[in-house]
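Coordinates in review
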Amino acid sequence: MPLHVPPAPAPALRTVLTALGSPTAVREARTPSLRLAQGPVTPELPLPVHVLDRITPAGASATRLAGWRFLIRSGDRSVAAADTMLTPDGWAFSRFFEGPYITATERALRQAESMQQPYQARLLSVPELYMLTLWLHGDCAADGATGHPAATDLLVPLAPAPPGIAAHRPHRVAELLPVLTLRVTRAPLLGPPAEVPA
């Protein structure tokens, strides 16, 4: 089934294209693979990045759009990614980066394309667990910038995933959220820090 990638806001794409065309922005980025790329580089596969700010004990989630991420392709492979963020003045380029999440994102997208049901692709970040997932939303016609994870949506944790959570294994939101809730709300193993004598 085809995987639906929601269209990114045109101003967000323009900021990435401007940054790619700026030798200074590319040179100053901590992305050797982008600096060393031969030939043209193009931003592809825009994905809205939603952040899971909190998980309530009831399992309800509050998410917000943090930006759009583009994979930067050179030839037949992605060499980096570019993040954009929404500011009071509109969309702005945030950063170029590289690392394991890029190949993990590509792998999860390929995995999603082989599923029987069509999904809309998004990213869902869980900052408290240092976790990033591919969020497969069941409503392909939805605005990619809005909405919350539905119980039947799928989350695919990207590698490296937190200990005890299998990377690249799709989970229904209704199954994974309770696990994340336990992780986030678990009481600390150690007591409060001891007072330091004066």
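The sections below set out a description of the structure shown in this document. (Residues numbered from 1 in each chain as written. Predicted model: local features only at pLDDT ≥ 70, side-chain atom pairs only at ≥ 80, totals over all residues. Heavy atoms only, no water.)

Now for the nonpolar core. With 17 residues, the main nonpolar core has Leu-3, Leu-123, Leu-134, Leu-136 and Leu-158 as its most contacted residues. By residue number, the principal contributor to this core is helix 4 (residues 100-113), which donates four residues. In contact with Leu-136, other than residues within four places in its own chain, are Leu-3, Ala-112, Met-115, Tyr-119, Gln-120, Ala-121, Asp-153, Leu-154 and Val-156. (Core = buried A, V, L, I, M, F, W, Y, C linked by side-chain atoms within 4.5 Å. Buried < 20%, exposed > 50% of the residue type's maximum accessible area, 1.4 Å probe, protein only. Helix = DSSP H or I, 4+ residues; strand = E, 2+ residues; numbered from the N terminus. Contact = heavy atoms within 4.5 Å.)

Sheet analysis places strand 3 (residues 77-87) next to strand 4 (residues 90-97), joined by seven bridges and oriented antiparallel. Bridge pairing in strand 4 links Met-85 to Ala-92. Where strand 3 folds back onto strand 4 in an antiparallel hairpin, the turn is made up of two residues. (Pairing = 2+ DSSP bridges.)

Residue placement: Thr-31 occurs in the loop between helix 2 (23-28) and helix 3 (32-35). Every residue in contact with Thr-31, bar those within four places of it in the chain, is listed here: Ala-80, Phe-96, Phe-97 and Glu-98.

Residues of helix 1 (residues 10-20) that are buried: Ala-12, Thr-15, Val-16, Ala-19 and Leu-20. One side of helix 1 carries all its buried residues, which in axial view fall inside an arc of 135 degrees. Counted as exposed and oriented over 90 degrees from the buried face of helix 1: Arg-14 and Thr-18. (Arc of directions from axis to C-beta.)

With that out of the way, let us pick up the packing of aromatic side chains. In this structure the tally under the stated criterion is one aromatic pair. Ring centres of Phe-93 and Phe-96 lie 4.7 Å apart, and the angle between their planes is 55 degrees; this geometry places the pair in the tilted category. Since its relative accessible area comes to 24%, Phe-93 is described here as partly exposed. Residue Phe-96 is classed as buried on the basis of its relative accessible area, which comes to 7%. The positively charged end of Arg-95 is found above the aromatic ring belonging to Phe-97, 4.2 Å away from the centroid. (Phe/Tyr/Trp six-rings, centres within 6.5 Å; stacked < 30°, edge-to-face > 60°. Lys NZ or Arg CZ within 6 Å of the ring centre and 35° of its normal.)

Bringing helix 4 into the picture now. The end-to-end C-alpha distance of helix 4 is 20 Å, a good match for the 20 Å that 14 residues give at a rise of 1.5 Å each. Buried within helix 4 are the following residues: Ile-102, Ala-104, Thr-105, Glu-106, Ala-108, Leu-109 and Ala-112. (Expected span 1.5 Å × (residues − 1).)

Let's shift gears to the environment of Arg-107. Within the secondary structure layout, Arg-107 lies in helix 4. Counting along the chain gives 52 residues from Arg-107 to Ala-159, while the straight-line C-alpha distance between them is 9.8 Å.

All right, on to the pattern of salt bridges then. Considering all chains together, one arrives at four salt bridges under this definition. Notably, a salt bridge pairs Asp-83 with Arg-69, separated by 2.7 Å at the nearest N-O pair. Of the two residues, Asp-83 is situated in strand 3 and Arg-69 in strand 2 (residues 61-74); the sequence distance between them amounts to 14 residues. Judged on exposure class, the residue Asp-83 and its partner Arg-69 are both buried. One salt-bridge network, in which partners are shared between bridges, spans Glu-44, Arg-73 and Glu-106. (Salt bridge = Lys/Arg side-chain N within 4 Å of Asp/Glu carboxyl O.)

Tracing the chain through its elements places Leu-180 in helix 5 (residues 173-185). According to the relative accessible area criterion, Leu-180 is buried, its value standing at 1%. Between the alpha carbons of Leu-180 and Ile-165 there is a distance of 9.4 Å; along the sequence they are 15 residues apart.

Looking now at the pairing of strand 7 (residues 154-157). By the alternation rule, side chains of strand 7 split into Leu-154 and Val-156 and Leu-155 and Pro-157, which are all buried. The pairing of strand 6 (residues 131-137) with strand 7 spans four bridges and is classified as antiparallel. Within strand 7, the position partnered with Leu-136 by the bridge is Leu-154. Here two bridges tie strand 7 to strand 8 (residues 171-172), and the two strands are oriented antiparallel to one another.

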